Amino acid sequence: MRRWEGAVAGLSSVRVRATAAATLVVALALGLAALILVLALRGSLVSSADAEAVKKATAVAPYAETLEVKRADGPEAAPTPAKTVPLEQGKDDLMQGKEGEVRLSDGKVVRLADPDLLITKKKVAAAEGWASPGEYAVAGVEVATAAGPATVLARVSLNTVQQALGTLYQTLLPGVPALLVVVAGMTWLSVGRALAPVAAIRAKVADITARDLGQRVPVPSSKDEIAALATTVNGTLDRLETAVERHKRFVADAAHELRSPIATLRARLELAEPSELTREALADVERLQSLAADLLMLAKLDAGEPLRAAELDLGQVAAEAALRARRRPEVRVELDVEPDVVLRGSSAHLDRLVTNLADNAVRHAASTVRVRVAAEDEEAVLEVSDDGPGIPQEQREAVFGRFTRLDEARARDAGGAGLGLPIARDIALLHEGSLVYGDRGFVARFPLHQV
């Protein structure tokens, strides 16, 4: 499926579409030009052959007028073989009627010395057997012979036309595809060269998103639309960097301004005379402190701060965090930790992830919470499960929404704000991993560190 989507994306690229469009346009233009060229050349050559046939028939007409085409009667009815009359023979000799007179049946042909010349009284019948259509250009001239009107026909072979068209075909058939290949290649290279700055801009923007907002995209020296785009992107990055810096300063100031008063208030309540009122106030302060910590963590995650990653043992982090989780006397926490499950990540972030998952499991467990760490299929797997009622199938994705709490959770735990699981998923995604609710509990997967 991914290969198919990649192929479709490749075919829909600007470079491919521009190359296909240019090649198609040139192919249509060349096809139309080739058709016009062939028709024009054929018409010109055929017209030349027709003119030559007319010229030849006109030139021989004076000599044809000296011939006598007669109808044989009686004993002379049998046709005699056609006698050839050389054109070089003088007009006086032809007029004597000795050499020039040929007696044939009506409609028969008197052939002159030139095989491409013909004199006949039946033009159509004679031409059908003498000059096949498409092979010769035929022209006729009416003449008056001693025996009456006749037609002198002259033919010119169209072999030269066919040879010329054949030569043209031999040039066009390999030439047009070769030219299309050249056009496609040049378009591909030209569009690729024009779009190279776009690829550089895209790569730099992706790198900036992942690492440092202080970087800027390269601005090409072409001073075209792409250069204007790069300038606009840099301007947007300037404004984005300013906004993020302000956000970071706000987060730092808020962390200081919120934590200190809350910590002071909690200390005073803890030192105050124990009573029902102080216990309720202390519980509210703990909720407020936890909510402030969660909000500050979300703000840091949303700010896209670079992850300070190092090699760490996920099993060790999970064991320490699970043992620090909020405990209920009736709930037992079991550890199933495989050694040497090493990945690259932030110990503080992963500690927060395990703590949030363990706290959630302890709140909803009946008697047992199980934390398992193992290496499976080149992935580090963290599974936190409990023997509680679980999460319905239709709500397993909704629990990762911010400030989302199921009705049962609201009834059993008034202190949850619905931020623990969203923070855990954001941390998993920050480590190029995933977090979902499986059949037995929450399962987080991370890529193993290859030594």
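Let us look at the structure shown here. Small disclaimer: the values here were computed from a predicted structure and weren't measured.

Turning to the overall build of the chain, a few remarks are in order. A tally of helices and strands in the chain yields eleven helices and 13 strands. In the chain, buried positions account for 33% of the 451 residues. Summed over all atoms, the accessible surface of the chain reaches about 26,800 Å², with 57% contributed by carbon and sulfur.

So, on to a nonpolar patch on the surface. A surface patch of nonpolar side chains, about 480 Å² in accessible area, is lined by Leu 179, Val 182, Met 186, Trp 188 and Leu 189. Mapped onto the secondary structure, Val 182 falls in helix H5 (residues 159–210).

The interhelical angle for the contact between helix H8 (residues 314–323) and helix H9 (residues 347–364), taken along N-to-C directions, is 50°, at an axis separation of 8 Å. Taken together, the axis directions place H8 and H9 in an arrangement best described as oblique. Between H8 and H9 lies a crossing whose hand is right-handed. For the pair H8 and H9, contact is made by Leu 314, Val 317, Ala 318, Ala 321 and Ala 322 and by Ser 347, Leu 350, Asp 351, Val 354, Thr 355 and Ala 358, respectively. A breakdown of the residues in the contact of H8 with H9 according to their chemical character gives eight nonpolar, two polar and one charged.

With that settled, the discussion passes to unusual backbone geometry. Its identity as a non-glycine residue notwithstanding, Asp 340 has a phi of 60°, on the positive side. Topologically, Asp 340 is positioned in the loop between strand E8 (332–337) and strand E9 (342–345). Classification of Asp 340 as exposed rests on a relative accessible area of 64%. The phi torsion at Asp 377 lies on the positive side, around 50°, for a residue other than glycine. Among the secondary structure elements, Asp 377 is positioned in the loop between strand E10 (368–376) and strand E11 (379–386).

Moving on: the packing of H9 against helix H11 (residues 420–430). As a packed pair, H9 and H11 sit with axes 9 Å apart at the nearest point and diverge in direction by 145°. The hand of the H9/H11 crossing is left-handed. In this structure, H9 uses His 349, Leu 350, Arg 352, Leu 353, Asn 356, Leu 357 and Asn 360 to contact H11, whose residues at the interface are Gly 420, Leu 421, Ile 423, Ala 424, Ile 427, Ala 428 and Leu 430.

On to the side chain of Asp 294. Position of Asp 294 relative to the elements: it lies in helix H7 (residues 276–302). Once residues lying within four places of it in the same chain are set aside, the contact partners of Asp 294 are Arg 352, Leu 419 and Ile 423.

Take the packing of aromatic side chains next. To describe a pair of aromatic rings, one takes the distance between the centres and the angle between the planes. Counting across every chain of the model gives two aromatic pairs. Between Phe 400 and Phe 442 the ring centres are 5.9 Å apart and the planes differ by 85°, which places this aromatic pair in the edge-to-face class. Of this pair, Phe 400 sits in the loop between E11 and helix H10 (407–412) while Phe 442 is found in strand E13 (residues 441–447), placing the two residues 42 residues apart along the sequence. The buried category is assigned to Phe 442, whose relative accessible area is 4%. Between Tyr 437 and Phe 442, the aromatic rings sit 4.9 Å apart at their centres with planes inclined by 80°, giving edge-to-face as the arrangement. Residue Tyr 437 is classed as buried on the basis of its relative accessible area, which comes to 14%.

With respect to the secondary-structure elements, Val 373 resides in strand E10. Residues Val 373 and Ala 318, spaced 55 residues apart in sequence, show a C-alpha to C-alpha distance of 7.7 Å. Setting aside its immediate chain neighbours within four residues, Val 373 contacts Leu 314, Gly 315, Ala 318, Asp 336, Val 337, Glu 338, Val 341, Val 381 and Leu 382.

This next bit is on the sheet that holds E13. Spatial ordering of the open sheet is given by E8-E10-E11-E13-E12, a layout of five strands whose pairing is mixed. Sheet topology places E8 and strand E12 (434–437) at the edges, where each strand pairs with a single neighbour. Mean inter-strand twist for the sheet, computed between neighbouring axes without regard to direction, equals 15°. Note: E11 against E13, seven bridges, orientation antiparallel. Residue pairing across strands places Ala 380 opposite Phe 446, the latter belonging to E13. Taken strand by strand, H9 contacts E8, E10, E11, E12 and E13, and its axis lies near 25° from that of E11.

Bringing the nonpolar core into the picture now. Among the nonpolar cores identified, the biggest contains 40 residues, and Leu 314, Leu 353, Leu 357, Leu 382 and Phe 446 are the most heavily contacted of them. Of all the secondary-structure elements, those providing two or more residues to this core are H7, H8, H9, E10, E11, H11, E12 and E13. The greatest single-element share of this core, amounting to six residues, is contributed by H9. If we skip the residues at most four places from it in the chain, Phe 446 touches Leu 314, Leu 343, Leu 350, Leu 353, Glu 379, Ala 380, Ala 428, His 431 and Gly 433. In this structure, Ala 49, Ala 53, Ala 139 and Leu 168 belong to the second largest nonpolar core, which totals ten residues.

Another aspect to go through is H11. For H11, the full list of buried residues reads Leu 421, Pro 422, Ile 423, Ala 424, Arg 425, Ile 427 and Ala 428. Along its buried surface, H11 packs onto H7, H9, E12 and E13. With its phi angle positive at about 60°, Glu 432 sits one or two positions after the end of H11.

Between its first and last C-alpha atoms H9 spans 26 Å; for 18 residues at 1.5 Å apiece the expected length is 26 Å, and the two agree. Burial within H9 is extensive, with 14 of its 18 residues counted as buried.

Along the chain, Val 443 falls in strand E13. As a C-alpha pair, Val 443 and Leu 382 span 61 residues in sequence and 5.7 Å in three-dimensional space. Each residue touching Val 443, except ones within four places of it in the same chain, is listed here: Val 381, Leu 382, Glu 383, Ser 434, Leu 435 and Val 436.

What counts, and where the lines are drawn
- Residues numbered from 1 in each chain as written.
- Predicted model: local features only at pLDDT ≥ 70, side-chain atom pairs only at ≥ 80, totals over all residues.
- Heavy atoms only, no water.
- Helix = DSSP H or I, 4+ residues; strand = E, 2+ residues; numbered from the N terminus.
- Buried < 20%, exposed > 50% of the residue type's maximum accessible area, 1.4 Å probe, protein only.
- Areas by Shrake-Rupley, 256 points an atom, 1.4 Å probe, with all protein chains shown as cover.
- Patch = residues over 30% accessible without salt bridge, like charges linked within 9 Å, V, L, I, M, F, W, Y side chains within 5 Å.
- Salt bridge = Lys/Arg side-chain N within 4 Å of Asp/Glu carboxyl O.
- Axes fitted to C-alpha atoms, helices over the stretch in contact; angles between N-to-C directions.
- Parallel < 35°, antiparallel > 145°, perpendicular 65-115°, else oblique.
- Left-handed = near helix turned anticlockwise from the far one by under 90°.
- Contact = heavy atoms within 4.5 Å.
- Nonpolar A, V, L, I, M, F, W, Y, C, P; charged D, E, K, R; others polar.
- Phe/Tyr/Trp six-rings, centres within 6.5 Å; stacked < 30°, edge-to-face > 60°.
- Pairing = 2+ DSSP bridges.
- Core = buried A, V, L, I, M, F, W, Y, C linked by side-chain atoms within 4.5 Å.
- Expected span 1.5 Å × (residues − 1).

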